[in-house]
Number of protein chains: 2
Amino acid sequence: MTELLAYFKQELPKINGFLDEETDKLEGLVKGVAKHVLLAPGKRIRPILTILSARSLGYSKEDIYPLASALELLHAATLLHDDILDDADLRRGVTASHLVFGTTETILAGDVLLALANLIGADYGKSRISSILASAIMSTADGEIREIAHISEPKVDRAVYMDIIIGKTARLIEASCRIGASVASDSAELEDALGNFGLNMGIAFQLVDDALDYESPVGDTGKPEGGDLKEGKITLPLIFYLEMLDGKEAELLLSEIKNRTLTDAKRDEVLESIRAQGLGTKTRESAAAYIEKAKDCLTPLSDSVERRILKQAADFVLTRSK
Amino acid sequence: MTELLAYFKQELPKINGFLDEETDKLEGLVKGVAKHVLLAPGKRIRPILTILSARSLGYSKEDIYPLASALELLHAATLLHDDILDDADLRRGVTASHLVFGTTETILAGDVLLALANLIGADYGKSRISSILASAIMSTADGEIREIAHISEPKVDRAVYMDIIIGKTARLIEASCRIGASVASDSAELEDALGNFGLNMGIAFQLVDDALDYESPVGDTGKPEGGDLKEGKITLPLIFYLEMLDGKEAELLLSEIKNRTLTDAKRDEVLESIRAQGLGTKTRESAAAYIEKAKDCLTPLSDSVERRILKQAADFVLTRSK
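Cut-offs and rules
Throughout, residues of each chain are indexed from 1 in the direction in which the sequence is written. For this description, chains carry letters from A and ligands carry numbers from 1, given in the order in which they are written. Only residues with pLDDT of at least 70 get local features here, since the model is predicted, and only at 80 or more are side-chain atom pairs given and counted; chain-wide, interface and lining totals rely on the full set of residues. The side-chain figures draw on all heavy atoms in the structure; neither hydrogens nor water molecules are used. Only buried Ala, Val, Leu, Ile, Met, Phe, Trp, Tyr and Cys residues count toward a nonpolar core, and they belong to the same one when joined by side-chain atoms within 4.5 Å. Working definition: with a 1.4 Å probe on protein chains only, accessible area under 20% of the residue-type maximum means buried, over 50% means exposed, and in between means partly exposed. The contact definition used throughout considers only heavy atoms, calling two residues in contact when any of these lie within 4.5 Å. Note on conventions: DSSP H or I runs of at least 4 residues are helices, E runs of at least 2 residues are strands, and numbering of each starts at the N terminus. What a helix should span is 1.5 Å times the count of its residues minus one. Axes, fitted as lines to C-alpha atoms, cover a helix only where it is in contact. Angles between the N-to-C directions of the axes lie from 0 to 180 degrees. It is the rotation of the near helix from the far one that decides the hand of a crossing: anticlockwise by less than a right angle makes it left-handed, clockwise makes it right-handed. Throughout this entry, Asp, Glu, Lys and Arg are counted as charged residues, while Ala, Val, Leu, Ile, Met, Phe, Trp, Tyr, Cys and Pro are counted as nonpolar. The remaining residues, Gly among them, count as polar. Each salt bridge in this description consists of a side-chain nitrogen of Lys or Arg and a carboxyl oxygen of Asp or Glu lying within 4 Å of one another.

Asks: I'd like to hear about the nonpolar core, residue by residue, with values.
Replies: Core analysis: the largest hydrophobic core is formed by 215 residues, its most contacted members being Leu113(A), Phe197(A), Met201(A), Leu238(A), Leu113(B), Phe197(B) and Leu238(B). Other than its neighbours up to four places away in sequence, Met201(A) contacts Ile45(A), Leu49(A), Ile291(A), Ala294(A), Ala313(A), Ala314(A) and Val317(A).

Now the structure itself:
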């Protein structure tokens, strides 16, 4: 794990430097929004994955940093639009942009960051890169659409839940790896290996995120505890819980969540019960299986420092507590 | 002009057919929004320009239709987001999407249509196409940003006005032509010729639009008469008017527009005065000069039916009354 941390330490300044430069060039109205979302504490996991993926296939050029940063721009853009859709209060521990800068500025900043990411991607002269970026944007929006639809018609259905988290989170992490692979090599096999690594890691990433929502108090994740339950999102810890209730009780709870009639007392009871029964831990176990899958995907790659660090990055997903 | 109309009649069903098919494939939550904005009466001027540009350089393949339609998808995406920003009531003569379907659905539909346009563009395997699309999205957002900033700090400044209309309208029309050129040819000279044709035509297009806002009653343009004045947009007819007032009067009117304190009576007076002094017509004269410039840009192209129709399309911009 120390290798991974050293890698982050070495690469983060170059990513942050590029993001800083690019946001400095933006128009006044959106510059503040872009800086607010991009300079808030973030793990930069997507750009790091792009760099590692490219380097693991022998790509040594310095021009990887703008491309890697494009993934962070794209991620930030989706955060901005999602926060408006979810009407979130907090993002990365700070007040959500639309509440600081206004909805208009936030929609536009999202559009500008999306365009900037596409513009950077197109500069590499490989249409495959533009194609991966566009697919990722589409999948992310699709995931958000499914999630919103699911909030208005919640069901206890693991397949629906998986579709949602693959769309809203895993596809962009997959794309981060695919893009690193595609700039380094024209091999579809290697791109798929790294892409599937990213997909499985991304699923695990969201599973851990959903577990954390039932585990951590405000300030730790930067999101309120039990926020998903409050927003009516049916995530895996809650699905485990609902599956343990008898049919009538489950139906009642689901309808209270749907209709936003859940009392504070009952919400606390659900949160406490999920904690007491270790359903967050059970969710992390499910994540661990995806991490094993992810690491197996790297078999077709020759051994390298970066392949080793990619595996460490996958393991890191499981240990994070915020 | 009959050649142009015949061309529209011949090509529109193929564009509309493709748009219909693509929107049918979208998720439920955004499908309605996409159909609402895409199937409302529209001129499809952007796809037609892409087709004409490609054909004028000898490109005869049938695969031009998805690419041409991508420009309409992109345009529709910007309309959806802009209507939220402007809090518009009407679009293309029908109720604006966010008022019918909700803001969440409309933001997401915009994101999906943008992604779809990029996805289609990337499929042609030419990174130049992705690059032009991304630049156009960026410029359009920039134009909107400048316009919003200008509404909160309005000035009587033709250069600022030109920057705004180039960004929010002309760049996407330029892109429509550039993309047609770039799929047909690798010549930068020919792409620039068609691109500059589009840019100048796009400027004229917006000038005529801004003139129409002071000329037509509701129902004709699908927008309320004097809507720009109401929304605090300082367009060319109003700039002409403000330039004719003495300094103090102009300042007072500008501050009333800025602070939304313009009385209905005074607004009617301004509208009447702009009409009586023919400032809409004067704006159209300015548009006519850009149309001449646009047509001159086509000189490097060999003569063809399509080059002739492109010139007719430019002239058509001047004559439209809605």
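Asks: Help me get a handle on helix H3 (residues 45–56) of chain A, residues and values and all.
Replies: All names here are of chain A. Along its 12 residues, H3 runs 16 Å from first to last C-alpha, staying within 8% of the 16 Å computed at 1.5 Å per residue. Residues of H3 that are buried include every one of Ile45, Arg46, Pro47, Ile48, Leu49, Thr50, Ile51, Leu52, Ser53, Ala54, Arg55 and Ser56, and no others. Note on H3: the residue one or two positions beyond its end, Gly58, has a positive phi of about 90°.

Asks: Which residues make up the packing of helix H3 (residues 45–56) of chain B against helix H15 (residues 305–319) of chain B, and what are the values?
Replies: When two helices pack together, their arrangement is given by the angle between the helix axes and the distance between those axes. All names here are of chain B. Orientation of H3 relative to H15, taken along the N-to-C sense of each, is 145°, at an axis distance of 8 Å. Here H3 runs over H15; the crossing is left-handed. Two secondary-structure elements touch here, H3 through Leu49, Leu52, Arg55 and Ser56 and H15 through Glu306, Arg307, Ile309 and Leu310. Considering only residue class, the contact of H3 with H15 consists of 4 nonpolar, 1 polar and 3 charged.

Asks: Account for the environment of Leu79(B), with residues named and values stated.
Replies: All names here are of chain B. As for its placement among the helices and strands, Leu79 is situated in helix H4 (residues 64–86). Here Leu79 falls in the buried class, since its relative accessible area comes to 7%. As for Leu79 and Thr106, which are separated by 27 residues in sequence, their C-alpha atoms are 10.0 Å apart.

Asks: Quick one: what's the story with the pattern of salt bridges, residue by residue and with numbers?
Replies: Per the stated rule, a full pass over the model turns up 50 salt bridges over all chains. Close ionic contact of Lys25(A) with Glu22(A) constitutes a salt bridge, the shortest N to O distance being 2.8 Å. Classification of Lys25(A) by relative accessible area gives exposed; the value is 60%. Across the pair Asp20(B) and Lys35(B) runs a salt bridge, and its minimum N-O distance is 3.3 Å. A residue pair is termed long-range when its members are at least 10 positions apart, and Asp20(B) in helix H1 (residues 2–24) and Lys35(B) in helix H2 (residues 28–39) qualify at 15 residues. A relative accessible area of 32% places Asp20(B) in the partly exposed class. The structure contains a network of salt bridges with shared partners spanning Arg128(A), Arg171(A), Glu174(A), Arg178(A), Glu191(A) and Asp192(A).

Honestly, it's all geometry; don't read function into it.
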